[in-house]
Amino acid sequence: MTPGSKGIIFIGDGMGGRPLPELSGKTTLEAQDTPSLDLAAREGECGLMDPIAPGRPAGSDTAHMALLGYDPLEYYRGRGPFEARGVGIAVQPGDVAFRCNFATVEGRKVVDRRAGRIKAGTDELAAAVSQGAGEIGGVQCIFEPSVEHRAALVLRAEGLSHQITEVDPHEAGVDYWDAKPEQDAEDPDAAQRTAAIINEFVRRTREILDKHPVNQARRERGELPANIVLPRGAGTAMHLQPLEERYGLRSAMIVEVDLVRGLGEYLKMDVVRVPGATGGQDTDEIAIAKAVVAALGDHDFVLANIKAPDLGGHDGDYQAKMEAIAKVDRAVGYLLDNMDFSAATVAITADHSTPVSVGDHSGDPVPIAFYGMGLRPDDVQTYGERPCAKGGIGRMRGMDLMNVLSNYIAASEKFGA
Ligand code: ZN
Ligand code: ZN
């Protein structure tokens, strides 16, 4: 590769959208004033990208896998392993991982799935769970708290399966469920065993937590006790080749979402945490952009993601989404002003569309603009879904992004002689 050349994937989470009548038939991206995105589009090479496949709505986890070149259709076995890695559990291939909530129950009835958004004491509660439920029927149960009511659980043993039904009913006012093998589980015996372990784990957490001093104190203060752990989102940990090994690029990730950060950890990227990167509408986009520039000092490749556009999309709030897009524009502006793009290329794109009119992820392709070295600039003048559709890239797959970017920064090896 060209010595010192740098590659960046800069993602506005869920930034793609659909035309809105409120915006005279424009999308939020098309309607917002985005001088820096437009500059990148005008001087760069544009196109559309299907994160996974045409018409296939992508999650943030599967989309980021694809954008980094790991086929989610082949490798994705649930989000649990990324969640667990994100809270610091060294997940191993074959582990079955879950994300968990500390919750409040009365009998079997879920009173609050987040235990009154418990803020303190979960370290002590988790330690008690680890002591009393660290091993069940020969299966190691590794349990770690995360922020507030969140936690992760990893089951480690031979012969487990992630193909079990949920315990967490995902709503309050109803009973929590017993895990059962999924009907089409590939290995029904393994799923049966895993479900039994999980049900026993949940039963023990109920017993251990209900009488724990942290919860006695909470009750005395009139707060809801965190008296059960409800696992959900089971996933089997797969072997994924570390990103650096795969592409020969020293790689960093700067993202706001735990789940994607967990993927970065899983791929052994250097995961950089940025003060002020809140993952919300109030995030400090310039702090994120500065962190990208700083990380490129000793890395060849950085993936960055600003979460905010996705939030406005989910909330059906086009003004919030447009404000978030302005943040992405300012962050990209900082990069354009502060990096040497004669020796770097940035791909500015989204991990999926989250149209305001849908309120969730959709299967629409996302715009992509490459700016920097190695390009063949096209005639596109502004950044957006329909302008980029006319660009020189045409339509590409998320799975090809790392190869395309590596080619621009001359980091690809020739296939064949
Ligand atoms: Zn996303
Ligand atoms: Zn989303």
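Residues numbered from 1 in each chain as written. Chains lettered and ligands numbered in written order. Predicted model: local features only at pLDDT ≥ 70, side-chain atom pairs only at ≥ 80, totals over all residues. Heavy atoms only, no water.

## Re the overall build of the protein chain
Broken down by element type, the protein chain carries 15 helices and 14 strands. Relative to the 2.2 N^0.38 estimate, which gives 22 Å for 417 residues, the radius of gyration of the protein chain is 23 Å and therefore close to what a compact globule would have. Counting only C-alpha atoms and orienting by the principal axes, one finds that the protein chain spans roughly 65 × 55 × 40 Å. Taking all 417 residues of the protein chain together, the buried fraction comes to 57%. Long-range contacts, defined here as pairs at least 24 residues apart, represent 74% of the contacts in the protein chain between residues at least 6 apart. As presented, the protein chain carries roughly 17000 Å² of accessible surface, and 46% of it is formed by carbon and sulfur atoms. Placing the 43 positive and 62 negative side-chain charges of the protein chain at their respective mean positions leaves the two points 2 Å apart. (Helix = DSSP H or I, 4+ residues; strand = E, 2+ residues; numbered from the N terminus. Rg over C-alpha atoms; globule rule 2.2 N^0.38 Å. Buried < 20%, exposed > 50% of the residue type's maximum accessible area, 1.4 Å probe, protein only. Contact = heavy atoms within 4.5 Å. Areas by Shrake-Rupley, 256 points an atom, 1.4 Å probe, with all protein chains shown as cover. Lys, Arg positive; Asp, Glu negative; His and termini not counted. Charge placed at Lys NZ, Arg CZ, Asp CG, Glu CD.)

## Thoughts on the domain arrangement of the protein chain
Each assigned domain of the protein chain is listed here: domain 1 (6–76 + 239–408) and domain 2 (89–235). The gap between the C-alpha centroids of domain 1 and domain 2 is 34 Å. (Domains from an automatic or database assignment.)

## With respect to the nonpolar core
With 85 residues, the main nonpolar core has Phe10, Leu68, Phe301 and Phe370 as its most contacted residues. Broken down by element, this core gets its largest block of residues, seven residues, from helix 13 (residues 318–338). Looking at which domains feed residues into this core, each of domain 1 (6–76 + 239–408) and domain 2 (89–235) gives three or more. The next biggest cluster of nonpolar side chains, apart from the first, holds 41 residues, and it includes Ala103, Leu125, Phe201 and Ala226. (Core = buried A, V, L, I, M, F, W, Y, C linked by side-chain atoms within 4.5 Å.)

## Points about the coordination of the zinc ion (ligand 2)
Here the zinc ion (ligand 2) is held by the protein donor atoms Asp310 (OD), Asp310 (OD), His314 (NE2) and His361 (NE2), which lie 2.0 to 2.6 Å from it. Note that the zinc ion (ligand 2) binds four donor atoms; their angles at the metal cover 55 to 143°, and the shape is irregular. Positions of the donor residues of the zinc ion (ligand 2) along the chain correspond to the pattern D-x3-H-x46-H. (Donors = N, O, S within 2.8 Å, 3.2 Å for Na, K, Ca; no water. Tetrahedral: all angles 85-135°; square planar, octahedral: opposite > 155°, others 65-115°.)

## Re the coordination of the zinc ion (ligand 1)
By definition of the ideal shapes, four donors in a tetrahedron about a metal sit 109.5 degrees apart, and six donors in an octahedron sit 90 or 180 degrees apart. Coordination of the zinc ion (ligand 1) by the protein is provided by Asp13 (OD), Asp13 (OD), Ser60 (OG), Asp351 (OD) and His352 (NE2), with metal-donor distances spanning 2.0 to 2.8 Å. All donors of the zinc ion (ligand 1) belong to a single chain; written as a sequence motif, their spacing is D-x46-S-x290-D-H. Taken as a pair, the zinc ion (ligand 1) and the zinc ion (ligand 2) show a spacing of 4.8 Å. You can see Asp13 sitting in the loop between strand 1 (6–12) and helix 1 (28–31) and its partner Asp351 sitting in the loop between strand 12 (344–349) and strand 13 (366–372), a full 338 residues away along the chain. Under the relative-accessibility criterion, Asp13 is labelled buried at 0%. Classification of Asp351 as buried rests on a relative accessible area of 0%.

## Examining the environment of Gly394
With respect to the element layout, Gly394 can be found in strand 14 (residues 394–397). Judged by relative accessible area, which is 29%, Gly394 ranks as partly exposed. Taking C-alpha positions, Gly394 is 6.2 Å from Leu48, a pair spaced 346 residues apart along the chain. Ignoring any residue separated from it by four or fewer positions in sequence, one finds Gly394 in contact with Cys46, Gly47 and Leu48.

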